[in-house]
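Coordinates in review
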Amino acid sequence: MTDNNDTSTGRRALLVAVIRDGQDPRQVTEFLDELEFLAATAGISSIGRITQRMDQPNPRIYVGPGKLEEIAAMAKQKEVDVVIFDDELSPSQTRNISREMPVAIIDRTKLILDIFLQRATTAYAKTQVDLANLQYMLPRLAGMWTHLERQRGGTGTRGGAGEREIETDRRTIRRRITLLKEELTRIDRQMATQRGNRGSMVRVSLVGYTNVGKSTLMNLISKSDVFAENKLFATLDTTVRKVVLDNLPFLLADTVGFIRKLPHQLVESFKSTLDEVREADLLLHVVDISHPNFEDQIEVVNQTLAEIGAGDKPVYLVFNKIDSYAHIPKDPDDLSAPTRENIPLGDLQKTIAANTRTPVIFISATERTGIERLRAELYAMVREIHEGRYPFNNFLY
Ligand code: GDP
Ligand code: MG
């Protein structure tokens, strides 16, 4: 099967989004910033953005017909290789849009899938991502065929040969999906056994939006060397480490970051990763306080946790990156309502602490601020869980 919609490196992209009725345009700007960051992670540079205000995206071509022409013209003029849509496109939308311009058409879902495909290293992660990707591709083969046809100089009409080829591809993909599912079931069983064998130790999972500093924190707490970099989804696999704080051992897991509109195919296939979270005794929910929309990110994480059945776990909220929190004092002549950036960090911390029901801490993982306190509080929480579970067993091993 040929995947002409893949995103190899060095490509140029246009980003497209719809601003829905009643939606704050700044939110769409932020979505597009994130989409641009995702694209960069996949090695694609974004060279332009196009948005359109609409009630709802057009079911046939996502944007309006005039806008689509504008996109096609801009794509040609700026010599882009790919147009990326911020929402998941239906197979027919992808097909219809592809007919209007000779460039790859991908959506946020496919971009995320491609990043996972590029970055999966272990056999387990590869199997999960392969499966998610094939499930995404299966209903979309016809559109890609049309596109290929045009590249070959064909007319774009799908004749018998084309249909037959698609049918063969579909059968091949279905067979592979079945095989991958069997393989995953096997690995999942194996991993469940491994988790079972970890026995009595308290299990703590780092969760949070992508790029907030989970892996950095994992390294700090466990003194290990987990890969951390300023890219989305630097890690795909769950890393579990045994950590000992003051003679009290527990397991700490670093998991894949959550993100808005995480492809549901991925959520399903990342079962073991999510099981690690589902079976945790305590969640360290890491938040990037320097991100302009950290509240939304907290919301996305909470929703995802609820979706996977981990919504009622004890949570320790860790606000990271206080070192890069930007405070822009408000001009006294400016009579507009203060924005979040106008609030000094200390005040923001007080407001957050007053409004959250879970324990909260403010730290900087890179500057090592607040880390001793974090360790101490974590120790107390793990100890409490441990003693609650084994009241007759002294926690010291
Ligand atoms: P993850 O995706 O949540 O695992 O995030 P990483 O641990 O990979 O970190 C993402 C980026 O944020 C990296 O470039 C880190 O160096 C950076 N980072 C982590 N903690 C801090 C912090 O406290 N302050 C600042 N300024 N950057 C940080
Ligand atoms: Mg990470």
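Residues numbered from 1 in each chain as written. Chains lettered and ligands numbered in written order. Predicted model: local features only at pLDDT ≥ 70, side-chain atom pairs only at ≥ 80, totals over all residues. Heavy atoms only, no water.

Comments concerning the site of ligand 1
Here is the rule: For this purpose, a residue is taken to be near a molecule or strand whenever a single non-hydrogen atom of the residue falls within 4 Å of it. Polar contacts, as counted here, are pairs of nitrogen or oxygen atoms within 3.5 Å of one another; within protein the pair requires one atom able to donate a hydrogen and one able to accept it, and residues that are adjacent in sequence qualify only if both atoms are side-chain atoms. Note on conventions: DSSP H or I runs of at least 4 residues are helices, E runs of at least 2 residues are strands, and numbering of each starts at the N terminus. Under this grouping Gly is polar, as are all residues other than the nonpolar Ala, Val, Leu, Ile, Met, Phe, Trp, Tyr, Cys and Pro and the charged Asp, Glu, Lys and Arg.
What surrounds ligand 1 is a group of 16 residues, the closest being Asn 211, Lys 214, Thr 216, Asp 323 and Ala 365. In the model, an oxygen atom of ligand 1 is placed 3.1 Å from a nitrogen or oxygen of the Lys 321 side chain. Here an oxygen atom of ligand 1 sits 3.3 Å away from a polar atom, N or O, in the side chain of Ser 364. For the shell around ligand 1, the element with the highest residue contribution is helix H8 (residues 214-222), accounting for three residues. Residues of the shell around ligand 1, tallied by class, amount to three nonpolar, nine polar and four charged.

Digging into the packing of aromatic side chains
For the record, the criterion: Ring pairs shown here join Phe, Tyr and Trp side chains whose ring centres sit within 6.5 Å, with only the six-membered ring taken for Trp; geometry is labelled stacked below 30 degrees between planes, edge-to-face above 60, and tilted in between. Exposure categories follow from relative accessible area, calculated using a 1.4 Å probe and restricted to protein chains: below 20% of the type maximum is buried, above 50% is exposed, and the middle band is partly exposed.
With the rule as written, the count across this model stands at three aromatic pairs. Between the aromatic rings of Tyr 62 and Phe 85, the centroid separation amounts to 5.4 Å while the plane-to-plane angle is 90°, which identifies the pairing as edge-to-face. Here Tyr 62 is found in the loop between strand E2 (44-54) and helix H2 (65-77), whereas its partner Phe 85 is found in strand E3 (residues 82-85), with 23 residues between them in sequence. Residue Phe 85 is classed as buried on the basis of its relative accessible area of 0%. Between Phe 319 and Phe 362, the aromatic rings sit 5.2 Å apart at their centres with planes inclined by 20°, giving stacked as the arrangement. Here Phe 319 is found in strand E9 (residues 315-320), whereas its partner Phe 362 is found in strand E10 (residues 360-362), with 43 residues between them in sequence.

Observations concerning the pattern of salt bridges
For clarity, the cut-off: We count a salt bridge whenever a side-chain nitrogen from Lys or Arg sits within 4 Å of a carboxyl oxygen from Asp or Glu.
Inspection of every chain in the model, using the stated rule, returns 19 salt bridges. Here Arg 140 ties to Glu 88 by a salt bridge, and the two come within 3.5 Å at their closest N and O atoms. Of this pair, Arg 140 sits in the loop between helix H5 (123-137) and helix H6 (141-151) while Glu 88 sits in the loop between E3 and helix H3 (91-100), placing them 52 residues apart in sequence. Note that Asp 114 and Lys 110 form a salt bridge whose closest N and O atoms lie 3.1 Å from each other. Of the two residues, Asp 114 and Lys 110 both sit in helix H4 (residues 108-119), four residues apart, roughly one turn of that helix.

Topic: the pairing of strand E5 (residues 202-208)
Threshold: Whether two strands pair depends on DSSP finding at least two bridges between them.
Of all the seven residues making up E5, seven are buried; the element is thus mostly covered by neighbouring parts of the structure. The side-chain alternation of E5 yields two buried faces, one formed by Val 202, Val 204, Leu 206 and Gly 208 and the other by Arg 203, Ser 205 and Val 207. Relative to strand E8 (residues 282-288), E5 is paired through five bridges, and the arrangement is parallel. Within E8, the residue paired with Val 207 across the bridge is His 285.

Focus on H4
For the record, the criterion: By this rule, a helix spans an expected 1.5 Å times one less than how many residues it contains.
Here H4 is twelve residues long and its end C-alpha atoms lie 17 Å apart, about the 16 Å a rise of 1.5 Å per residue gives. In terms of residue burial, H4 counts as a mostly covered element, since ten of its twelve residues are buried. Within the sequence span of H4, burial applies to Arg 108, Thr 109, Lys 110, Leu 111, Ile 112, Leu 113, Asp 114, Ile 115, Phe 116 and Arg 119.

Remarks on the nonpolar core
Condition: Only buried Ala, Val, Leu, Ile, Met, Phe, Trp, Tyr and Cys residues count toward a nonpolar core, and they belong to the same one when joined by side-chain atoms within 4.5 Å. Each domain's extent is set by a domain assignment, obtained either automatically or from a database. The contact criterion used is simple: two residues touch if any of their non-hydrogen atoms lie within 4.5 Å.
In terms of nonpolar packing, the biggest core is built from 82 residues, with Ile 84, Leu 217, Phe 319 and Leu 378 touching the most fellow members. Top element by residues in this core is helix H13 (residues 371-389). It accounts for six residues. Lining this core are residues from two domains, each supplying at least three of them: domain 1 (11-167) and domain 2 (200-389). If near-sequence neighbours (up to four positions away) are discounted, Ile 84 is found in contact with Ala 13, Leu 14, Leu 15, Val 16, Leu 35, Ala 39, Ile 44, Ile 106, Asp 107 and Leu 111. Counting residues in hydrophobic clusters, the runner-up holds 21 residues, among them Val 16, Tyr 62, Val 63 and Leu 68.

Thoughts on the sheet that holds strand E6 (residues 239-245)
Stated formally: Only C-alpha atoms enter the line fits that serve as axes; for helices the fit covers just the stretch in contact. Angles between N-to-C directions range over 0 to 180 degrees.
Ordered by their spatial adjacency, six strands build an open sheet running E6-E7-E5-E8-E9-E10, and the pairing between neighbours is mixed. If you trace the sheet from one side to the other, it starts and ends with E6 and E10, each paired once. For this sheet the average axis-to-axis angle between neighbouring strands, irrespective of direction, equals 25°. Where E8 lies against E9, six bridges are found, and the strand directions are parallel. The partner of Val 286 across the bridge, within E9, is Val 318.

Some details on the environment of Asp 275
Relative to the elements of secondary structure, Asp 275 occurs in helix H10 (residues 271-278). Taking the C-alpha atoms as reference points, Asp 275 and Arg 195, 80 residues apart in sequence, are found 9.5 Å from one another.

Re the sheet that holds strand E4 (residues 104-107)
Taken together, four strands build an open sheet; the order of strands is E2-E1-E3-E4 and the sheet is parallel. The two strands at the open ends of the sheet, each matched to only one other strand, are E2 and E4. Averaged over all pairs of adjacent strands, the angle between strand axes in this sheet comes to 25°, irrespective of strand direction. Both E3 and E4 contribute to a ladder of four bridges, which runs parallel. Bridging across to E4, Val 82 finds its partner in Ala 104.

Examining the confidence of the model for the chain
Keep this limit in mind: Each residue carries a pLDDT score, the predictor's own confidence in it, on a scale running from 0 to 100.
Averaged over every residue, the pLDDT of the chain is 84; residues scoring 70 or more account for 85%. When pLDDT is averaged over each helix and strand of the chain, the minimum, 57, is found for H6 and the maximum, 98, for E9. Here residues 1-8 scores under 50 on pLDDT; set against residues more than four positions off or in separate chains, the count is 30 contacts. Confidence drops under pLDDT 50 across residues 152-158; counting only partners more than four residues distant or on other chains, this segment forms eleven contacts.

With respect to the side chain of Lys 214
Put simply, the rule reads: In this tally, Asp and Glu contribute negative charge and Lys and Arg positive charge; neither His nor the terminal groups of the chain are included.
Looking at the secondary structure, you find Lys 214 in helix H8. Buried and unpaired, Lys 214 has no salt bridge, with Asp 254 as the nearest side chain of opposite charge at 5.8 Å. In contact with Lys 214, other than residues within four places in its own chain, are Leu 206, Val 207, Gly 208, Tyr 209, Asp 254, Thr 255, Val 256, Gly 257 and Val 286.

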